[in-house]
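Spelled out, the chains give:
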Amino acid sequence: MAKPGPRSDPAAPTGPQPQEADHLRDLLMAPGYPKVLVFCALIGIPVSLAAFWFLVGLHELERLLWTDLPHDLGWDAPTWWWPLPLFLVAGLIVGLVAVRLPGAGGHVPAAGLHTGGPSPNALPGVILAAAASLPFGAVLGPEAPLIAMGGGLALLFRDLVRAPATAQSTALLGAAGAAAAVSAIFGNPLIAAVLLIEIAGVGGPRLFAVMLPALLSSGVGALVFTGFGRWTGLETGSLGLKLSATPPHLDAADVLWSLLMAVAIAVAMRLVMAGGRKVAAYTRHAVVVRTVLCALAAGACAALYTLLTGRSPVDVATSGQGMLSTLAAHPHAWSIGALLGVLLLKGAAYALCLGSLRGGPIFPALFLGAAAGVLLSPLPGLGVLPAIAAGMAAATAATLRLPVSSVVLVTLLLDTPGLMPVVILAAVVAFLTSELLPSVSRRSAGEDASPAGAAA
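This one's a predicted model, so the numbers in the text were calculated from it and none came from an experiment. (Residues numbered from 1 in each chain as written. Predicted model: local features only at pLDDT ≥ 70, side-chain atom pairs only at ≥ 80, totals over all residues. Heavy atoms only, no water.)

On a plain count of helices and strands, the chain comes out with 16 helices and zero strands. Counting the 456 residues in the chain, one finds 48% classified as buried. Partitioning the intrachain contacts of the chain with sequence separation of at least 6 by distance along the chain shows that 79% fall at a separation of at least 24. Counting every atom, the chain has about 21,200 Å² of accessible surface; 69% of that belongs to carbon and sulfur. (Helix = DSSP H or I, 4+ residues; strand = E, 2+ residues; numbered from the N terminus. Buried < 20%, exposed > 50% of the residue type's maximum accessible area, 1.4 Å probe, protein only. Contact = heavy atoms within 4.5 Å. Areas by Shrake-Rupley, 256 points an atom, 1.4 Å probe, with all protein chains shown as cover.)

Right, dumping it as structure tokens:
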């Protein structure tokens, strides 16, 4: 009878670590890798400058269309019908770009964020479609065009200097250019790096399976050291800066309501994303006409909001990036009717723009999550700031399906370490809820098919 083999120790490290270390060393010492690193560092300069001026141009055009022109016409704010002609122009230009120019103006935002830049000849279409969408009121952010533009410019510079075009250099340069460009909008290279790591799916599903327990336990552990309610927690060393502002003290109600909010917000955002993919499938045929119709419908949501609430249509139109700080700083300036209206109508416009125009999904999700937090903050025991933090984290994690990036982004935006536990818990719960809901294929959003060849 054969003797039983030695019992394995579950706590022992698995896998050939020395071999993996040797493999990593071989990759780093490969003849072409140091050159790629140097080239990535160099292209970061022109790509960052291009991204900066691209954002400046978008901002100035948006201010011209939504502030300067209405004031020149004698209005304090855009009138109710103002979004309709702007969205008409946006839909027409994006539809024509999708049909006539290489690259179809970039990927449809309902398909999610992507790494890797388009071919250099697709850059004009990406820039033109973004310039026609974002300043004219599309409920989308600039991060997806920035990722595409940064990666495409990196590949363009490689071609200009006639550097070898290998699969490894293409992937590295595309990621480096995208990171340099997208860091311009967040003002923080850490967010860009974490975002691109998760978008690229480094480690695959196993990464998320290992990461979620660690992220969740760190959030629960933070409650021990941060403390909530009358329990002040335990003192421990911290790498954070000692700021003069007193962080908010979380209590049990904040945590409980944040978890319930995360589930509800995840379901709502999943419905919005599913609607965006339905719109994307609809616009794959008769591209120009249907893109215009969907853009007009998004503009009609902004117009209806103004008619119902008397507030500016900018609340519904545009990404919400500019309104986010105002909402967080003055949450009580919004009535319940205005909050309900912006959630319903901006959510509908968001879904329409996700499937028809060009841009990124991050900032509208942040705004909708913050608005949901303000609306739910009167719940017993729930504070306004914890509600906003949990709402932003839940909406972003459910929309992007990138929990770590959502935590990093919301934490750095709020700049309040005391809110980090509810941010982590809400992001993890929303991500799990979104993943456990029935799957919606991304193929309907045009991820695998470009509308460029469809009939106009």
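A full pass over the atoms with the stated rule returns five aromatic pairs. With a centroid separation of 5.1 Å and an interplanar angle of 75°, the aromatic rings of Phe52 and Trp53 are classed as edge-to-face. By relative accessible area, which is 44% here, Phe52 ends up partly exposed. The class of Trp53 is exposed, set by a relative accessible area of 57%. An aromatic cluster is present here, built from Trp75, Trp81 and Trp82 joined pairwise through their rings. Looking at Arg311, its charged tip hangs above the ring of Trp334, at a distance of 4.0 Å from the centre. The cationic tip of Lys346 hangs over the ring face of Phe367; the distance from NZ or CZ to the ring centre is 5.2 Å. (Phe/Tyr/Trp six-rings, centres within 6.5 Å; stacked < 30°, edge-to-face > 60°. Lys NZ or Arg CZ within 6 Å of the ring centre and 35° of its normal.)

Let us look at the pattern of salt bridges. Applying the stated rule across the entire model yields three salt bridges. One salt bridge connects Arg311 with Asp315, and the closest N-O pair in it is separated by 2.8 Å. Arg311 sits in the partly exposed class, given a relative accessible area of 25%. We classify Asp315 as buried; its relative accessible area is 3%. We note a salt bridge from Glu435 to Arg401, for which the minimum N-O separation is 2.7 Å. (Salt bridge = Lys/Arg side-chain N within 4 Å of Asp/Glu carboxyl O.)

What follows covers the confidence of the model for the chain. Low pLDDT means the predicted coordinates in that region are not meant to be read closely. Looking at the chain, pLDDT values average 80 and 74% of them are 70 or higher. Within the chain, the lowest mean pLDDT, 54, falls on helix α8 (residues 204-226), and the highest, 97, falls on helix α10 (residues 287-309). Considering only residues more than four positions removed or in separate chains, one finds that residues 228-245, a stretch of pLDDT under 50, has 16 contacts. The low-confidence segment residues 447-456 (pLDDT under 50) makes 25 contacts with residues lying over four places distant or belonging to another chain. (pLDDT = per-residue confidence, 0-100.)

A few words now on helix α14 (residues 384-400). Taking 1.5 Å of rise per residue, the 17 residues of α14 would be expected to cover 24 Å, and the 24 Å separating its terminal C-alpha atoms lies within 8% of that figure. Arg401 occupies a position one or two residues after α14 and carries a positive phi of about 60°. (Expected span 1.5 Å × (residues − 1).)

For helix α12 (residues 336-356), spanning 21 residues, the distance from its first C-alpha to its last is 30 Å, which sits close to the expected 30 Å at 1.5 Å a residue. Here α12 lies mainly inside the structure; 15 of its 21 residues are buried.

Bringing the packing of α12 against helix α13 (residues 362-376) into the picture now. Their axes nearest at 10 Å, the elements α12 and α13 cross at an angle of 155°. Classified by the angle between their axes, α12 and α13 sit roughly antiparallel to one another. Note that α12 runs across α13; the crossing there is left-handed. Together, Ile336, Leu339, Leu340, Val342, Leu343, Lys346, Gly347 and Tyr350 of α12 and Pro364, Ala365, Phe367, Leu368, Ala371, Ala372, Val374 and Leu375 of α13 make up the contact between the two elements. (Axes fitted to C-alpha atoms, helices over the stretch in contact; angles between N-to-C directions. Parallel < 35°, antiparallel > 145°, perpendicular 65-115°, else oblique. Left-handed = near helix turned anticlockwise from the far one by under 90°.)

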